[in-house]
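Summary of the model geometry
For reference, the chains in residue letters:
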Amino acid sequence: MRHATDYLTFETPSRRDYVNITPDVEDFVRRSGVREGLVLVSPMHITAAVYVNDDEAGLIQDLDDWLEGLAPHAPTDRYRHNNGEDNADAHLKRQLLAHQVVLPITEGRLDLGPWEQVFYAEFDGRRRKRVVLKAIGD
Amino acid sequence: MRHATDYLTFETPSRRDYVNITPDVEDFVRRSGVREGLVLVSPMHITAAVYVNDDEAGLIQDLDDWLEGLAPHAPTDRYRHNNGEDNADAHLKRQLLAHQVVLPITEGRLDLGPWEQVFYAEFDGRRRKRVVLKAIGD
Amino acid sequence: MRHATDYLTFETPSRRDYVNITPDVEDFVRRSGVREGLVLVSPMHITAAVYVNDDEAGLIQDLDDWLEGLAPHAPTDRYRHNNGEDNADAHLKRQLLAHQVVLPITEGRLDLGPWEQVFYAEFDGRRRKRVVLKAIGD
């Protein structure tokens, strides 16, 4: 069995941001030596998410508006968590995006459909965050 | 280590559809030869989801109504993505269902609870879509 | 390859409950002998979820309020599923929490960020439920 572990680091300039990390995951898979297996891509912070969807600017804005509609940032005092904090909405938004993904590796490459792109979604940025990459397989 | 990969193909007659694929996944696990491990079941298209819930007709209608309430299809021009497209809602609905599942394989079989059923949820049908199945283990 | 399987049992006193199971998962990983791999933590019942977020009392109340707002329990007759049942909302709430998680194991330990805690979320309690733990790796 082969396995490999790596970490990506982010510090986004704004509170909310959507970063296409597909090339980073592909590069990790190549270096891992895993030919057939699974790779987990998961944020190590609880106000961020990793998800798979389209890299289309209009859709990313739609997604951001939609998340803000279902889990609004303000007024911050509507949340009990925001007692010295202002990021309760970020903890909820990341749940809407299911927070993590597992991707198949086939013949040494990410086995993705034609439009699948892997994103890091930041909901409480302007600080250092990490994503863990873990591949296991043959 | 053993591994196996397969693909299911769907072309649903309506825009939205919910298909119980538990027998397909069970059959794949049997053929894979994996006795102890994990199987990833993940759509390769970003307007569909795989989820685990009850196979009960009333609940499937409740789920469909609920998804439509939280991420409505119309009016389509409320979404920036719908510029020559009309499926922005499908990209969002699939996020609400977390888009993919990982299932345990124990003693050569899917290790599911009594009511767990695996579904393919289509949100932009009437075209050919695929789901990847990837099993790894002993 | 190493693999291990175990089951946690819950019977919560109230309908909805949030139980921190991080120590149980850590203990399972230690006993599994897996040094590098993945562990799946997944409810075997379809009115419960496993998720990763903060163990902060205010946030847990925010999460509960938020889930109740997006998938209300009452009036129970708004759901077609509630025909002799009253738990349709529980089936939907568990989808909002993405229902399951996969965690990385590195050097024999759960490879979690500083605030990541694993929770069992019960949405239809006062009965016996199980969670499956499945680790595979080296």
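Above: the structure in question.
In this convention, every chain numbers its residues from 1, walking through the sequence in written order. Chain labels run from A onward and ligand labels from 1 onward, assigned in the order the entries are written. The predicted origin of the model limits local features to residues at a pLDDT of at least 70 and limits the giving and counting of side-chain atom pairs to 80 or more, whereas totals for whole chains, interfaces and linings rest on all residues. Derived side-chain values reflect all non-hydrogen atoms in the structure, with water molecules and hydrogen atoms excluded from consideration.

**Digging into the overall build of chain A**
Labels follow the DSSP assignment, with helices taken as runs of H or I lasting at least four residues and strands as runs of E lasting at least two, numbered in each case from the N terminus. When helices and strands are counted, chain A shows three helices and eight strands. Overall, chain A shows an N-to-C arrangement of helices and strands of β-β-α-β-β-α-α-β-β-β-β. Restricting the calculation to C-alpha atoms gives the radius of gyration, and the globule rule supplies 2.2 Å times the number of residues raised to the power 0.38. In terms of overall dimensions, chain A is globule-like: its C-alpha atoms have a radius of gyration of 16 Å, near the 14 Å expected for 138 residues. With the C-alpha coordinates aligned to their principal axes, the bounding extent of chain A is approximately 50 × 30 × 20 Å. The cut-offs for exposure are 20% and 50% of the maximum accessible area for each residue type, with area from a 1.4 Å probe on protein chains only; residues under the lower value are buried, those over the upper are exposed, and the others partly exposed. Going through the 138 residues of chain A one by one, you find that 64% of them count as buried. A fraction of 82% describes how many contacts in chain A between residues 6 or more apart in sequence connect residues 24 or more apart. With residues, only the protein chains shown are counted as cover, and all accessible areas are computed by Shrake-Rupley using a 1.4 Å probe. Total accessible area on chain A stands at roughly 5,200 Å², and carbon and sulfur atoms take up 41% of it. Residues count as neighbours in contact if any of their non-hydrogen atoms are within 4.5 Å of one another.

**With respect to the interface of chain C and chain B**
Each partner contributes to the interface: chain C provides 28 residues, whereas chain B provides 36 residues. Here's the idea: put two parts together, see how much 1.4 Å probe accessible area each one loses, and the total over both is what we call buried area. Summed over both sides, the interface of chain C with chain B buries roughly 2,600 Å², with 62% coming from carbon and sulfur. In terms of surface lost to chain B, no three residues of chain C exceed I46, R80 and Q95 of chain C, which account for 23% of the buried area on that side. Salt bridges are identified by distance alone: a Lys or Arg side-chain nitrogen within 4 Å of an Asp or Glu carboxyl oxygen. On the surface where chain C and chain B come into contact, there are two salt bridges. Its salt-bridge partner being D65 of chain B, residue R80 of chain C comes within 2.7 Å of it at the nearest N-O pair. Polar contact is the term for a pair of N or O atoms within 3.5 Å; when the atoms are in protein, one must be able to donate a hydrogen and the other to accept it, and sequence-neighboring residues count only if both atoms are side-chain atoms. Inspection of the chain C/chain B interface yields 14 residue pairs in polar contact (both at pLDDT 80 or more).

**What to know about the relation of the copies chain C and chain B**
Copy one and copy two of the chain differ by a rotation about a common axis and a shift along it. What sets the superposition is a least-squares fit of C-alpha atoms, and only residues with pLDDT of at least 70 in both copies go into it. Its rotation angle being 120 degrees, the transformation that places chain C on chain B also includes 0.0 Å of axial translation and leaves an RMSD of 0.0 Å. Taken together, these values place the two copies in the relation of a three-fold axis. Relative to the rotation axis, the closest C-alpha in chain C is found at A98 of chain C, a distance of 3.0 Å.

**Focus on the sheet that holds strand β7 (residues 117-122) of chain A**
Residues and elements named next belong to chain A. Should DSSP find at least two bridges between two strands, the strands are regarded as paired. Ordered in space as β2-β7-β4, the three strands form an open sheet in which the pairing is antiparallel. Edge positions in the sheet fall to β2 (17-20) and β4 (48-53), since each has one partner strand and no second. Geometrically, the sheet is characterised by an average inter-axis angle of 30 degrees between neighbouring strands, direction not taken into account. The sheet contact formed by β2 and β7 spans four bridges and is antiparallel. Following the sheet pairing, V19 is matched in β7 by Y120. The angle between two axes is taken between their N-to-C directions and runs from 0 to 180 degrees, where each axis is a line fitted to C-alpha atoms and a helix contributes only its stretch in contact.

**Side note on the pairing of strand β8 (residues 129-137) of chain B**
Consecutive side chains along a regular strand alternate between the two faces of the sheet. Residues and elements named next belong to chain B. Extensive coverage of β8 is indicated by the burial of eight of its nine residues. The pairing of strand β1 (residues 2-10) with β8 spans nine bridges and is antiparallel. Residue pairing across strands places A4 opposite A135, the latter belonging to β8. As defined by bridge partners, strand β3 (residues 37-43) adjoins β8 across seven bridges and the pair is classed as antiparallel. Considered in β8, the bridge of L38 is made with I136.

**Here we look at the interface of chain B and chain A**
On the side of chain A, 36 residues touch chain B, which itself brings 28 residues to the contact. Summing both partners gives a buried area of about 2,600 Å² for chain B against chain A, and 62% of it is carried by carbon and sulfur. One can count two salt bridges joining chain B with chain A. In this structure, the connection of chain B to chain A is made through 14 residue pairs in polar contact (both at pLDDT 80 or more). Contributions of two or more residues to the side of chain B that touches chain A are made by β1, β3, α3 (88-96) and β8 of chain B. No other element matches α3 of chain B, which puts six residues into the side of chain B that touches chain A.

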